[in-house]
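Commentary on secondary and tertiary structure
Residue-level listing of the chains:
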Amino acid sequence: MRDVIVVGAGGGGPVVAKELAARGLDVLMLEAGPRHADPSEEWTHYENDANNPLSGYLRFGPADRSKPAWYRETPQNSFLWQLSGVGGTTQHYLGNNPRAYPGVFAGYDKEDRNAYDTGHLFPFSYSELLPYYEWVEDTLPVQTAAMGTKESVFFRGCEALGLPLQKTRNTSENSYRPQENAILQPGGFAGKVTGYDDPRLSYPQATGCTFCGYCVIGCKHPHGAPRSLAAKRSTDNSYVPMALTADRWSPSGKPVTLVTDAFVTKVHTEQRGGETVASGVTWRVGETGEEHREDAKVVVLAAGCTENPRLWFNSGLPNPNDWVGHGYTDHFFDWVIGVFDEYTGSSKGTGSSARSDWPGRGGVMNVGVPPALQQFTMTFSDSGIRGQYGNGRGNTGPWDGPMGRLMGPELKDIFMHGIDRMFCMLIMTDDDVEAQNRVTLSSMPADEHGPIAKVQMHGRQRTRRTIANRDYLVRRAVEIARGAGAKQVLRLDWPPLILHVQSTMRMGLSEGDSVTDANGQARWVKQLYAADNSVLANALGGPNPTLTTQAVATRISEKIFTDQFGGDSWVRSEAPVVSTDARVTQGLAALGR
Ligand SMILES: Cc1cc2nc3c(=O)[nH]c(=O)nc-3n(C[C@H](O)[C@H](O)[C@H](O)COP(=O)(O)OP(=O)(O)OC[C@H]3O[C@@H](n4cnc5c(N)ncnc54)[C@H](O)[C@@H]3O)c2cc1C
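First, a word on what this report is: a plain description of the structure on this page. Bear in mind the structure is a predicted one, so any value in this text is a computation, not a measurement. Within each chain, residues carry numbers counting from 1 in the order of the written sequence. Local features are withheld for residues below a pLDDT of 70 in this predicted model, meaning they are given only at 70 or higher, and side-chain atom pairs are given and counted only at 80 or more; totals for whole chains, interfaces and linings count all residues. Excluding hydrogens and water, the side-chain figures rest on all heavy atoms present in the structure.

The next point concerns the overall build of the protein chain. Each helix is a run of H or I in the DSSP string that is no shorter than four residues. Each strand is a run of E no shorter than two, and both are numbered from the N terminus. Scanning the protein chain for helices and strands turns up 13 helices and 21 strands. Projected onto its principal axes, the C-alpha coordinates of the protein chain cover approximately 65 × 55 × 50 Å. Look at the contacts in the protein chain between residues 6 or more apart in sequence, and 72% of them connect residues 24 or more apart. To measure how exposed things are, a 1.4 Å probe is used in the Shrake-Rupley method; for residues, cover is taken only from the protein chains shown. Carbon and sulfur atoms make up 50% of the accessible area of the protein chain, which totals about 20400 Å². In this count, Lys and Arg are taken as positive residues and Asp and Glu as negative ones, while His and the chain termini are left out. To locate a charge, take NZ of a lysine, CZ of an arginine, CG of an aspartate or CD of a glutamate. Of note, the protein chain has its 58 positive side-chain charges centred 3 Å away from the centre of its 65 negative side-chain charges. Contacts between residues were defined by any pair of non-hydrogen atoms, one from each residue, lying within 4.5 Å.

This is the structure:
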C-alpha cells in the first residue's frame, strides 16, 4: 500500500511526485511511455526521427517504436499533439513560462473584469496562487529568455505599435516583453559558436542554451551535461531528477518509485461512510501485457487532458453533472507569417523568446522552428489552399491576399527565399470553456487499454467572444509584422492544433460545471485528485499553460499533504531547492542516471 500513486509523468505529475516525496511520502509514479534515460545517445536532430506522430521517438505511443502509436479519434481537421514518456508533452515544449492573466481568477475586480471568461473563473484569487508561482519559478528555474535576432524583429514591430515594455511577471495591460522561460541562459561558449559538433559546445565549456534551435525535438544540450543541467527544463530534466533523488537533497525525503511502460487502465474505488473513495489503480505493462494492481491512500490523475477523462470513463467513475471531459479549451491558435528581405534568424535560438500580451484577448508570440516543422505550419489550414475554392472569407483582413495554406510555386518561392527570412507569430486566443468541446469514448475499436478517446473540437461553433478575440489578435500580429518591415504578411487560419489544452477535469466555483473542488479533489470521488492541465479552470486568458499547471499542482500537493496526511504547509515558510542544485546532479550520478 503506497501513500500516493501519480498517473502520468508529464507537465503536472512529476510536480506532485517531487513535492510529496520531499516530505517523506511513499510515492509511485506510473508513466505509460518510455524514459529516455540518455538523450545524447537516443535523440537526433532529424525531425522525422523525432516528431513523426506514428513512429518518432517523441510520439504518443509505447517505447517499442516498431509497435503502432496509440490512437485517438479526432472527427475534424485537427492535430492532437501530446506525447507519452517521462516528461510527457514538455519534452516538446518551448519552455515559455508566463503567468496567467489576473482577470481569470475569482475576486478580480478591475474595470476590465468582464473581458474574461467570467462564467468559468478559478475558484481562488490570483494573490492566492502567487507564492506557488514563485515556488515553481525558483525550482525549475524560470529566467528571462536569452534574446536573438528574431526577438529584435518582434520588438521592432511592437515598438512601431507604441506598445509599452512589460517589466514584471504580472501582466495587466497590453504590452510586449522578453519571455520568462524555463531554459537556462547560455554560459561559456554556448550561443557564441555554431556547428553542433564544435567541442566548445560541450559541457562544461558550454552551459545552458546553445541556441541550436531544436527545443521542440527534445533538449539534450549542451552535449555531455548531466541530465539535471540540460538547458530546457522539461520535467524529464527538472522535476523528475528531483523526484528520483528526493532523499539526497531533502532531509525528510524519500525517492519516488518511477515505473515506465505502465499504462493505467483502471482507477479502483471503495464505498466508505456513504462516499466513493479512490483506493488504487491497475496498470498494463506494455512489453509483456501483464497487469498489476497497487493500492494507495491517494490517487492523482496527471495523464493529460485527453487521457484523464478516458481513464475516468473506462473506470466507471461517477459523473453526475456530466462535466468530465467537457470544456476542452485549446487557445484556438492561428499563425501569421511575415516575409522579409532581411535576415530574421527565425530558425535560431530558443523556439520563442518574445511575446506580446493583450489581457482579455490573449497573446501573440514569435516562434521559430526547424525546417520540417516550419513547412508543416505553412500547410495546415481550415481555409483550404490559399486563393482556391473562392474562399471569400479570407479576403477580409489586413493580411496579403486570401488566408489559407500555401501550395506549389508560392510555397516553394517563400520557402526557398529562406527560413531565416521568414518571421512567424503564434496567436494564442483566450477561448471560452465550452461544453461541446469535449472528450468522450469513441465507438471505434478499443485498443489494448480499453475504449479509446474521441476529441471533438467544434471549430466553427466557438463563442462570439472567442472568435472576436482571435480576429483581434491576428490583426495585431499583422500590424507587428508590418511595423517590423515585412514585405508580405500571410495568415494561415489554422484548424485546431491541440497542444495547449486545458480544463477537461476543471476545478470550479460551482458544483454544476466542474469536476474538482478548489483543492483539486474530485467532487464525486474522495482521495482522487487531478493535477495537470485538465484541472485548470479555464484557458488562463491565453498565456501558455504549463507554469500555471505546475503552480496549481504545487498547491494541490500541499493540500494533499495537509488534508490527507496531517502534514504542515511549506510554500509560504520554506525556500525552494533549485532543480540544478549540485545535490540533484550528484544524486543522479550515484543512481547511474
Ligand atoms: C510543440 C509544443 C510546444 C509547447 N510549448 C509550450 C510552452 O512553451 N509553454 C507551455 O506552457 N506549454 C507548452 N506546450 C504545452 C505543454 O507541453 C503542456 O502544457 C504540458 O505538457 C501539459 O502537461 P500535462 O501533465 O497536462 O500533460 P502531458 O505533458 O501530456 O503529460 C501526460 C502524461 O501522462 C501519460 N499518460 C497518459 N495516459 C496515461 C495512463 N493511462 N497511464 C499512465 N500514464 C499515462 C502520458 O504518456 C504523458 O507522459 C507545448 C506543447 C507542444 C506540443
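Bringing helix α5 (residues 149-160) into the picture now. For α5, spanning twelve residues, the distance from its first C-alpha to its last is 17 Å, which sits close to the expected 16 Å at 1.5 Å a residue. Each residue's exposure class comes from its accessible area (1.4 Å probe, protein chains only) as a fraction of the maximum for that residue type: buried when under 20%, exposed when over 50%, partly exposed otherwise. Those residues of α5 that sit buried are K150, E151, V153, F154, F155, G157 and C158. Any helix carries an expected span of 1.5 Å times its number of residues minus one.

What follows concerns the pattern of salt bridges. A pair is scored as a salt bridge if a Lys or Arg side-chain nitrogen falls within 4 Å of a carboxyl oxygen belonging to Asp or Glu. Under the counting rule described, the total for this entry stands at 39 salt bridges. Where D26 meets R2, a salt bridge forms, and the shortest distance between an N and an O atom there is 3.0 Å. Remark: R2 occurs in strand β1 (residues 2-7) and D26 occurs in the loop between α1 (13-22) and β2 (27-30); sequence separation between them is 24 residues. Using a relative accessible area of 16% as the deciding quantity, one classes R2 as buried. Between D493 and R470 there is a salt bridge, with the nearest N and O atoms lying 3.1 Å from each other. Here D493, found in the loop between β19 (488-491) and β20 (497-498), pairs with R470, found in helix α11 (residues 464-484); they are 23 residues apart in sequence, far enough to count as distant. Classification of D493 by relative accessible area gives buried; the value is 3%. Given a relative accessible area of 5%, R470 falls into the buried group. Salt bridges linked by common partners bring D334, R470, D471, R475, R491 and D493 together as one network.

One can find S175 in strand β5 (residues 175-178). Leave out the neighbours within four places in its chain, and S175 touches L163, P164, Q166, R355, S356 and D357.

Before going further, it helps to spend a moment on the nonpolar core. One finds F122, W312 and L528 to be the most contacted residues of the largest nonpolar core, which totals 87 residues. No other element matches the seven residues that helix α12 (residues 546-565) contributes to this core. Setting aside its immediate chain neighbours within four residues, F122 contacts V104, F105, A106, M507, L509, L536, A537, N538, L540, T548 and V552. Counting 38 residues, the second-largest nonpolar core is a separate cluster that includes I337, V367, M378 and C424. Nonpolar core, defined: a set of buried Ala, Val, Leu, Ile, Met, Phe, Trp, Tyr and Cys residues in which side-chain atoms within 4.5 Å join the residues together.

Their axes nearest at 9 Å, the elements α1 and α12 cross at an angle of 40°. One element, α1, and the other, α12, form an angle in the oblique class. The crossing of α1 and α12 is right-handed. Seen from α1, the contacting residues are V15, V16, E19 and L20; seen from α12, they are Q550, A553, T554, S557, I560 and F561. Of the residues assigned to the contact of α1 with α12, the class counts are six nonpolar, three polar and one charged. Axis lines are fitted through C-alpha atoms, for helices just across the contact stretch, and the angle between N-to-C directions can take any value from 0 to 180 degrees. Working definition: roughly parallel below 35 degrees, roughly antiparallel above 145 degrees, roughly perpendicular at 65 to 115 degrees, and oblique for all remaining angles. Here a crossing is called left-handed whenever its near helix is offset anticlockwise from the far helix by less than a right angle, and right-handed whenever the offset is clockwise. Just so you know the grouping, Ala, Val, Leu, Ile, Met, Phe, Trp, Tyr, Cys and Pro go in nonpolar, Asp, Glu, Lys and Arg go in charged, and all remaining residues, Gly too, go in polar.

A separate point is the packing of aromatic side chains. Each aromatic ring pair is summarised here by two numbers: the centre-to-centre distance and the angle between the ring planes. Planes of paired rings set the category: under 30 degrees apart is stacked, over 60 is edge-to-face and the rest tilted, where pairs are Phe, Tyr or Trp rings (Trp by its six-membered ring) whose centres lie within 6.5 Å. Counted according to the given criterion, the structure contains 21 aromatic pairs. Measuring from ring centre to ring centre gives 6.0 Å for F340 and F423, while their planes differ by 75°; the resulting arrangement is edge-to-face. Taken together, the residues span a long stretch of sequence, with F340 in the loop between β13 (334-339) and β14 (354-358) and F423 in strand β16 (residues 422-429) at a distance of 83 residues. For the residue pair F340 and F423, the accessibility class agrees, reading buried in each case. Within the aromatic cluster, the residues linked to one another by ring pairs are F79, W81, W335, F376, F380 and W494. Charge-over-ring contacts are defined here by two conditions on Lys NZ or Arg CZ: a distance within 6 Å of the ring centre and an angle within 35 degrees of the ring normal. Over the ring of W570 we find R23, and its NZ or CZ is 3.9 Å from the ring centre.

This paragraph deals with the site of the ligand. Note on definitions. A residue lies near a molecule or strand when any single heavy atom of the residue is within 4 Å of it. Taken together, 35 residues lie around the ligand, and E31, T89, V264, N533 and T546 are the ones closest in. For this analysis, a polar contact is any N or O atom pair within 3.5 Å, provided that within protein one partner can donate a hydrogen and the other can accept it, and provided that sequence-adjacent residues contribute only side-chain to side-chain pairs. Between an oxygen atom of the ligand and a main-chain N or O atom of G12, the distance comes to 3.0 Å. Isolated, the ligand exposes 1000 Å² of accessible area, and the fraction of that covered by the protein chains is 97%. Looking at the shell around the ligand, the elements with two or more residues in it are β10 (262-272) and α8 (304-314). No other element matches the three residues that β10 contributes to the shell around the ligand. Each residue belonging to the shell around the ligand can be placed in one class, and the counts come to 15 nonpolar, 17 polar and three charged.

Its place among the elements puts D430 in the loop between β16 and β17 (438-441). By relative accessible area, D430 is classed as buried at 1%. Along the chain, D430 and P359 lie 71 residues apart, while their C-alpha atoms are 8.7 Å from each other. Here D430 is in contact with Y116, D117, G360, R361, G362, R465, T466, N469, A539, G541 and G542, once residues within four sequence places are set aside. At 3.0 Å, the side chain of D430 and the side chain of R465 are in polar contact.

This part covers the sheet that holds strand β15 (residues 362-367). Strand order in this open sheet of six strands is β5-β14-β15-β16-β13-β19, and the pairing throughout is antiparallel. Edge strands, defined here as strands with exactly one partner in the open sheet, are β5 and β19. Taking the axes of each pair of neighbouring strands and ignoring which way they run, one obtains an average angle of 20° across the sheet. Strands are labelled as partners when DSSP assigns at least two bridges between them. In terms of strand pairing, β15 meets β16 through six bridges, oriented antiparallel. Within β16, the residue paired with M365 across the bridge is L426. Sheet strands in contact with α11 are β13, β14, β15, β16 and β19, and its direction is about 155° off that of β16.

It is worth spelling out the side chain of S442 at this point. Take S442: it is sitting in the loop between β17 and β18 (453-456). The exposure class of S442 is buried, given its relative accessible area of 8%. Side chain to side chain, S442 and E73 meet in a polar contact 2.6 Å long. Polar side-chain contacts of S442 include one of 2.9 Å to the backbone nitrogen of M444. Those residues in contact with S442 that sit more than four places away from it in its chain are E73, I452, A453 and K454.

Structural measurements only, silent on function.
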